[in-house]
Amino acid sequence: MVPSISPPALGLTADSSNEDILRAAFDFAHSIGYMTFATTAVDGKTPTIRALEVHYLDDSGSLYVGASRGKHFYDEVELHPVVSAMAVNVVAVRVTARLEKVSDKLLYERYWELNQGTKKMYHKDLSNFQLYRFAAGDGEVFHVYEDDAIARVRFSFGGASPRPWSYEIGEACTGCGTCVERCMMDTIHMEHGRAEIQHYGCNECGICFHSCPVHAIRKQEFV
């Protein structure tokens, strides 16, 4: 078993504010120094992936990432500016973000101060490098910690909304308790005659959805 980071989920709880989760998630990614980015190739269907450095370049708390204008990453973001990115070190921080081009010269100067090696690589023409800001999106802090327990919290930024939980129990619930018995993580409990999911510890495995005899559990579809 991989050694855990204590406390669970960077110290976040189900009651943590969106701002606290956002700041902890971005600080974690920044401390690692890079994230793995998933994009869509220019053909519009092939998934691509690579690791890129992420930085704080100002006091806004935004994350920034950069790449050469000749890279496939640049072409892909031009066509499909929404990307997924992840930083992992026992804890996983997952982010889906719309990347926004940066033109502020002060931010570029700050970037080159922090990345002397990259500056040397592009020294003949620094304008061939493009910076992007994580402008808007949502994310999650996910942690499998002691005794394989799960901690999961979600956040959003830039005016977006947090991603809905994968499963919710609706009003059609009859309180039969089937989902409570089947739940792998014991995160479904009866409240006032109806079942409720405690999402903080939910693995989102879907066994409750497939076992509910009255189909009272909704599965959120992502589009």
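Check the entry above for the structure.
Definitions and limits used
Residues numbered from 1 in each chain as written. Predicted model: local features only at pLDDT ≥ 70, side-chain atom pairs only at ≥ 80, totals over all residues. Heavy atoms only, no water. Helix = DSSP H or I, 4+ residues; strand = E, 2+ residues; numbered from the N terminus. Buried < 20%, exposed > 50% of the residue type's maximum accessible area, 1.4 Å probe, protein only. Contact = heavy atoms within 4.5 Å. Lys, Arg positive; Asp, Glu negative; His and termini not counted. Charge placed at Lys NZ, Arg CZ, Asp CG, Glu CD. Pairing = 2+ DSSP bridges. Core = buried A, V, L, I, M, F, W, Y, C linked by side-chain atoms within 4.5 Å. Salt bridge = Lys/Arg side-chain N within 4 Å of Asp/Glu carboxyl O. Arc of directions from axis to C-beta. Polar contact = N/O pair within 3.5 Å; in protein donor to acceptor, adjacent residues only side chain to side chain. Patch = residues over 30% accessible without salt bridge, like charges linked within 9 Å, V, L, I, M, F, W, Y side chains within 5 Å. Areas by Shrake-Rupley, 256 points an atom, 1.4 Å probe, with all protein chains shown as cover. Phe/Tyr/Trp six-rings, centres within 6.5 Å; stacked < 30°, edge-to-face > 60°.

Account for the overall build of the protein chain, with residues named and values stated.
In terms of helices and strands, the protein chain carries six helices and 11 strands. Along the first, second and third principal axes, the C-alpha set of the protein chain runs to 70 × 40 × 35 Å. Across the 223 residues that make up the protein chain, the buried fraction comes to 43%. Here the analysis covers contacts within the protein chain between residues at least 6 apart in sequence; of these, 62% occur between residues at least 24 apart. Computed over 21 positive and 29 negative side-chain charges, the inter-centroid distance for the protein chain is 9 Å.

So what's going on with the pairing of strand β6 (residues 129–144)? Residues and values would help.
Along β6, 14 of the 16 residues are buried, which leaves the element largely enclosed by surrounding structure. Inspection of the sheet shows strand β3 (residues 64–68) paired to β6 by five bridges, in the antiparallel sense. When the sheet's bridge partners are listed, G66 is paired in β6 with L131. Sheet topology note: the β6/strand β7 (residues 150–157) ladder contains eight bridges and is antiparallel. Opposite D138, over in β7, you have S156 as the bridge partner. Taking the residues between adjacent antiparallel strands as the criterion, β6 and β7 are bridged by five residues, where D147 takes a positive phi near 60°.

I'd like to hear about the nonpolar core, residue by residue, with values.
Grouped together as the largest cluster of nonpolar side chains are 36 residues, with contacts concentrated most on F26, M35, F37, V95, F134 and V141. Looking at which element gives the most residues to this core, the answer is helix α1 (residues 18–32), with seven residues. Ignoring sequence-local partners within four residues, the contact set of V141 consists of A9, L10, L12, I21, A25, V91, A92, V93, A151, R152 and V153. Listed in part, the 13 residues of the second largest apolar core include I169, I197, C202 and C212.

Account for the pattern of salt bridges, naming residues and giving values.
On inspection of all chains with the given rule, the structure shows 11 salt bridges. In this structure, the salt-bridge partner of E204 is R154, at a minimum N-O distance of 3.0 Å. Taken as a pair, E204 in the loop between β10 (194–197) and α6 (207–211) and R154 in strand β7 lie far apart in primary sequence, 50 residues in all. Comparing E204 with R154 shows no difference in burial state: the two are buried. Ionic contacts of the salt-bridge type, sharing partners, join the residues R94, E140, R152, R154 and E204 into one network.

Lay out helix α3 (residues 105–114) with the relevant residues and their values.
Along α3, the residues that are buried comprise L107, Y108, Y111 and W112. Projected down its long axis, α3 carries its buried residues within an arc of 135°, all on one side. In this structure, α3 carries L106 and E113 as exposed residues pointing more than 90 degrees from its buried face. In this structure, the buried side of α3 is in contact with β2 (47–55), β3, β5 (91–102), α4 (116–121) and β6. Where α3 begins, the capping side chain belongs to D104, and its oxygen is found 2.8 Å from the backbone nitrogen of L106.

Outline a negative patch on the surface, supporting the account with residue identities and numerical values.
A contiguous patch of negative charge, built from D58, D59, D104 and E109, is present on the exposed surface. Here D58 lies in the loop between β2 and β3. A relative accessible area of 30% places D58 in the partly exposed class.

Before we move on, can you summarise unusual backbone geometry with the specific residues and values?
Despite not being glycine, V90 has its phi angle at roughly 70°, a positive value. Tracing the chain through its elements places V90 in the loop between β4 (82–89) and β5. We note that E204 has phi near 55°; this positive angle belongs to a residue other than glycine.

Residue-level account of the packing of aromatic side chains, with values.
Within this structure, the stated rule accounts for 12 aromatic pairs. Ring centres of F26 and F134 lie 6.1 Å apart, and the angle between their planes is 75°; this geometry places the pair in the edge-to-face category. In this pair, F26 is assigned in helix α1 and F134 in strand β6, connecting sequence segments 108 residues apart. Note on F26: relative accessible area 3%, which makes it buried.

On their own, these measurements won't tell you what the molecule is for.
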